[in-house]
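Each chain, letter by letter, is given below.
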Amino acid sequence: MKILVIFTGGTIGSSANNRVISPNEENTRLLLEMYKNEYGADTQFVTAQPYYTLSENNTGKTLSQLISFVCNKMNDDYSGIIVTHGTDTLQFSAAALSYALGSDCKPVMLISSNFVLTDNRANGLSNFSAAVDFIKGGYGKGVFVPYKNSDGAVYIHRASRLLPHSELSDDVFSIKNQYYGSYNGKNFIKNSDYTAGKDEVKPFGKALLSDFSSELMVIQPYVGFEYPKIHKNTKAVLIKTYHSGTICTDCREFFDFAAELKQKNIPCYICGAENRDIYESAKAYKEFGFTILPPSAFIAQFIKLWLSLETGIDFSIICNKSLGEDLL
């Protein structure tokens, strides 16, 4: 069994000194040594390092580097690929690889750690060992994220379904608790409630992203927020709603904003609303021609839309079609 391990930095690849956590490339050896000491040496690991940084410093450039590097290795003689990554932007890279590769490729596992590996609270080794076992067991194709939560269980998440971390919490969850499976001790158990459709569109492959998503305007509402000015280079708007699928529409600023989008023929996508009874405030979506996205994770839809803009794909055509098992 031969597995490629790609190191990119993050907490799992860092050390703590005087209460400051910094990337430390020596930790690439530490993780593999810890695994060998705990689980034996029956697996051959080949290592690579396309870049090394704290994940909060990631941009479209590093996402492109990761996508390109992994895509170039997919046809090599590996049973699977493990990517070590920081937790802050884990969801973004997971979605990017999921859309680049789809759900019918050899397993690609993104792992991270809530603390540096030398901290006895760290879950990095547990996440790594779950990734290795998942690949060895042949439990699934596509891109996944193994992560040990504070309840002690290691969950296997489909990479396109991750929610952002809650404030001051290390735990990772899938949207609507639709995780792929979990480990009960050493045994993998598929989640019987997990449902997914096959890929309906072609994966993006080695798509290149600009450093920054300047053509995509993203809005996340809060009490008292102002609708932003529409920039001359804006090609699409993505709005994350409150949990009930609503945003503030009872103000002059919203109508001016929505009317300008309509006049300039700039598409606006709503993420977080479902096909159910709606609140009065949400009636404006139809009035202004907003597109309500199917139930899915916001970060994944952000990456999917960004990739579409950069590659010239009409997002309105693919937004309702599954890729990487992103849609519920």
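Scroll up for the structure.
Computed from a predicted model, the values in this text were never measured in an experiment.

This part takes up the overall build of the chain. In terms of regular secondary structure, the chain is built from eight helices and 14 strands. The C-alpha radius of gyration computed for the chain amounts to 20 Å, which stays within 12% of the reference 20 Å derived for 328 residues, consistent with globular compactness. In the chain, buried positions account for 53% of the 328 residues. A separation threshold of at least 6 residues defines the contact pool for the chain, and within that pool the share at least 24 residues apart is 70%. Total accessible area on the chain is roughly 15,800 Å²; 47% of this is exposed by carbon and sulfur atoms. For the chain, the separation between the mean place of its 31 positive charges and that of its 34 negative charges on side chains is 5 Å.

Before going further, it helps to examine the side chain of Asn149. Residue position: Asn149 is located in the loop between β7 (143-148) and β8 (154-158). When its relative accessible area of 6% is taken as the criterion, Asn149 is described as buried. Those residues in contact with Asn149, other than ones at most four positions away along the chain, are Tyr155, Asp171, Val172 and Phe173.

A few words now on the sheet that holds strand β12 (residues 236-240). Across the sheet, which stays open at both edges, the four strands sit in the order β11-β12-β13-β14 with parallel pairing between neighbours. One side of each edge strand has no neighbouring strand; the edge strands of this open sheet are β11 (216-219) and β14 (291-292). Bridging between β12 and strand β13 (residues 268-271) involves four bridges; their strand directions are parallel. Residue pairing in the sheet places Val237 in a bridge with Cys268 of β13.

Direction vectors running N to C along helix α1 (residues 27-39) and helix α4 (residues 124-137) enclose 70 degrees, while the axes themselves pass 10 Å from each other. In terms of their interaxial angle, α1 and α4 are classed as roughly perpendicular. Relative to α4, the crossing made by α1 is right-handed. Where α1 approaches α4, its residues Leu31, Leu32, Met34, Tyr35, Glu38 and Tyr39 are matched on the opposing element by Leu125, Phe128, Ser129, Val132 and Lys136.

One non-glycine residue, Asn18, adopts positive backbone phi at about 55 degrees. Overall, the relative accessible area of 70% leaves Asn18 in the exposed class. Despite not being glycine, Lys176 has its phi angle at roughly 55 degrees, a positive value. Within the fold, Lys176 resides in the loop between β8 and β9 (181-184). Since its relative accessible area comes to 53%, Lys176 is described here as exposed.

Read across the sheet, eight strands follow the order β4-β1-β5-β6-β7-β8-β9-β10 without closing on themselves; strand pairing throughout is mixed. The strands lining the two open edges of the sheet, one partner per strand, are β4 (44-48) and β10 (187-190). Taking the axes of each pair of neighbouring strands and ignoring which way they run, one obtains an average angle of 25 degrees across the sheet. Of the pairings in the sheet, the one linking strand β1 (residues 2-7) to β4 comprises five bridges and is parallel in character. By the bridge assignment, Leu4 is partnered in β4 with Val46. Each of β1, β4, β5 (80-84) and β6 (108-111) touches α1; the most contacted strand, β1, lies at about 145 degrees to it.

Our next topic: the packing of helix α2 (residues 60-73) against helix α3 (residues 90-101). At a closest axis distance of 10 Å, the pairing of α2 and α3 adopts a crossing angle of 45 degrees. Comparing their axes, α3 and α2 come out oblique. As α2 runs across α3, the sense of the crossing is right-handed. Counting all contacts with α2, which are made through Leu63, Leu66, Ile67, Val70 and Cys71, the residues of α3 involved are Phe92, Ser93, Ala96, Leu97, Ala100 and Leu101. Across the contact of α2 with α3, the residue classes break down as ten nonpolar, one polar and no charged.

Rules used in this analysis
Residues numbered from 1 in each chain as written. Predicted model: local features only at pLDDT ≥ 70, side-chain atom pairs only at ≥ 80, totals over all residues. Heavy atoms only, no water. Helix = DSSP H or I, 4+ residues; strand = E, 2+ residues; numbered from the N terminus. Rg over C-alpha atoms; globule rule 2.2 N^0.38 Å. Buried < 20%, exposed > 50% of the residue type's maximum accessible area, 1.4 Å probe, protein only. Contact = heavy atoms within 4.5 Å. Areas by Shrake-Rupley, 256 points an atom, 1.4 Å probe, with all protein chains shown as cover. Lys, Arg positive; Asp, Glu negative; His and termini not counted. Charge placed at Lys NZ, Arg CZ, Asp CG, Glu CD. Pairing = 2+ DSSP bridges. Axes fitted to C-alpha atoms, helices over the stretch in contact; angles between N-to-C directions. Parallel < 35°, antiparallel > 145°, perpendicular 65-115°, else oblique. Left-handed = near helix turned anticlockwise from the far one by under 90°. Nonpolar A, V, L, I, M, F, W, Y, C, P; charged D, E, K, R; others polar.

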